[in-house]
Amino acid sequence: MWRILLLLCVFALAGCKTDLYRNLSEREANEMLAILMSNGIDASKEYLGDEGVTLQVDEAELPRAIDALKQNGFPREARETMGTVFEKSGIMSSPFEERVRFVYALGEEVSRTLSEIDGVLTSRVHIVLPDEPDLGEELKPSSAAVFIKHRIGVDLDFATPQIRRLVSSSIEGVTYEDVTVLLVEAEKPNVSLPTSNTSVVEVLPGLSIQDTDMTMFWRVVMVAGALLALLAITNIFTFVSYVKARNGMRAAETSLEEQAAIAE
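About the criteria used
Residues numbered from 1 in each chain as written. Predicted model: local features only at pLDDT ≥ 70, side-chain atom pairs only at ≥ 80, totals over all residues. Heavy atoms only, no water. Core = buried A, V, L, I, M, F, W, Y, C linked by side-chain atoms within 4.5 Å. Buried < 20%, exposed > 50% of the residue type's maximum accessible area, 1.4 Å probe, protein only. Helix = DSSP H or I, 4+ residues; strand = E, 2+ residues; numbered from the N terminus. Contact = heavy atoms within 4.5 Å. Expected span 1.5 Å × (residues − 1). Pairing = 2+ DSSP bridges. Axes fitted to C-alpha atoms, helices over the stretch in contact; angles between N-to-C directions. Patch = residues over 30% accessible without salt bridge, like charges linked within 9 Å, V, L, I, M, F, W, Y side chains within 5 Å. Areas by Shrake-Rupley, 256 points an atom, 1.4 Å probe, with all protein chains shown as cover. Salt bridge = Lys/Arg side-chain N within 4 Å of Asp/Glu carboxyl O. Right-handed = clockwise from strand over helix to strand, strands pointing away. Left-handed = near helix turned anticlockwise from the far one by under 90°. Nonpolar A, V, L, I, M, F, W, Y, C, P; charged D, E, K, R; others polar.

(A) Examining the nonpolar core more closely. Within the largest apolar cluster, 19 residues are counted, with the highest numbers of intra-cluster contacts made by Leu114, Ile127, Val146, Ile163, Val167 and Ile171. Residue assignment for this core shows that the elements contributing at least two residues are α5 (95–114), β4 (120–128), β5 (143–150), α6 (160–170) and β6 (179–185). The leading source of residues in this core is α5, at four residues. Other than its neighbours up to four places away in sequence, Val167 contacts Val110, Leu114, Ala144, Val146 and Val179. In terms of nonpolar packing, the next biggest core, distinct from the first, is built from 16 residues, Leu24, Ala29, Met32 and Ile35 among them.

(B) Examining the environment of Glu177 more closely. Its place among the elements puts Glu177 in the loop between α6 and β6. Expressed as a C-alpha distance, the spacing of Glu177 and Arg164, which sit 13 residues apart in the sequence, is 8.2 Å.

(C) Looking closely at α5. Over its 20 residues, α5 extends 29 Å from the first C-alpha to the last, a length consistent with the 28 Å expected when each residue adds 1.5 Å. For α5, every residue scored as buried is listed here: Arg101, Val103, Ala105, Leu106, Gly107, Glu108, Val110, Ser111 and Leu114.

(D) Examining the sheet that holds strand β3 (residues 53–58) more closely. Pairing in this open sheet of three strands is antiparallel, and the strands run β1-β3-β2 from one edge to the other. Unpaired on one side and paired on the other, β1 (17–24) and β2 (43–47) mark the two borders of the sheet. Within the sheet, the average angular offset between the axes of one strand and its neighbour, ignoring direction, is 25°. Pairing of β1 with β3, which is carried by five bridges, proceeds in the antiparallel orientation. By the bridge assignment for β3, Leu24 is matched with Val53. Across the sheet, helix α3 (residues 62–71) lies against β1 and β3, angled at about 30° from β1, the strand it touches most.

(E) Focus on a nonpolar patch on the surface. On the surface, a nonpolar cluster with roughly 300 Å² of combined accessible area is contributed by Ile236, Phe239 and Val240. If you trace the backbone, Ile236 turns up in helix α7 (residues 214–263).

(F) Quick peek at the pairing of β3. Of all the six residues making up β3, six are buried; the element is thus mostly covered by neighbouring parts of the structure. Bridging between β2 and β3 involves five bridges; their strand directions are antiparallel. Along β3, the bridge assignment pairs Glu46 with Thr54. Here β2 folds back onto β3 in antiparallel fashion, the turn holding five residues, of which Gly49 has a positive phi close to 65°.

(G) Region of the structure containing the pairing of β6. For β5 and β6, the ladder comprises seven bridges, and the chain directions are parallel. Bridge pairing in β6 places Phe147 opposite Leu182. For the crossover that starts at β5, traverses α6 and ends in the parallel β6, the hand is right-handed.

(H) Broad picture of the packing of helix α2 (residues 26–38) against α3. The geometry of α2 relative to α3 is characterised by a closest axis approach of 10 Å and an angle of 115° between their N-to-C directions. As for the relative orientation of α2 and α3, their crossing is right-handed in sense. Residues Met32, Ile35 and Leu36 of α2 touch α3, and the partners they reach there are Ala65, Ala68 and Leu69. Among the residues forming the contact of α2 with α3, the class breakdown is six nonpolar, no polar and no charged.

(I) Inspection of unusual backbone geometry at higher detail. A positive phi angle is found at Asn23, which is not glycine, with a value near 55°. Within the secondary structure, Asn23 is located in strand β1. Residue class for Asn23 comes out exposed when judged on its relative accessible area of 59%.

(J) Highlighting the sheet that holds β4. If you walk across this open sheet you meet the three strands as β4-β5-β6, and the pairing is mixed. At either end of the open sheet lies a strand with only one pairing partner, and these are β4 and β6. For this sheet, the mean angle separating the axes of adjacent strands, direction not counted, is 10°. Of the strand pairs in this sheet, β4 and β5 are connected by eight bridges, and their pairing is antiparallel. Counted as the bridge partner of Arg124 is Phe147 from β5.

Here you go:
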């Protein structure tokens, strides 16, 4: 009996949450969970085996959760590594294809490194590696352009020289002067976040709740009503069974007394 009641309560609570992001790694899910909890958002994670980790929040908190994660650069953009980019799909590749893959993979690797800087939300590195000049042509210099979008209030201007030095040291043929860095601050959130002025609704005489909790309230009421109905039905069934058993015992005793009287 109590197991059934407990399962019903668990199902009622589980129905209040919705999936926020799926197929997350353990590390990314933990970081996102910490951000949500630090912003006062109730969240949980669920392991799905090979499908990774799923992050769940209350339906009413969905806009706040998405905005809080967006302001912190989550979920992270999936980047390809050198191994995945250079994975051959055919028997042979042309020199042009090999060069394009090399430039792309190199930019992805440098972008991954830049994204590890505290405060960086998104990073992009565009590399220009000119072809070898023909005889008599002037050699064109290589260059790189770096785009970084960072959190609000984070000052990365002091890190610009280090960023240029890192990029120029990571890409052969690119000098410090040929690296351009563009820093962009993230915009302020446009989502209207709930405040302390949330409207209050009177659902019963003397009982008032916030309008954002109406759905959860009625779910709890429905589950409580179902539990009470189940409890009442169980009690009635038990009482009827007891009465039937008692009447049967009395009938058996009366029959034995009548048989004893006849025998005498």
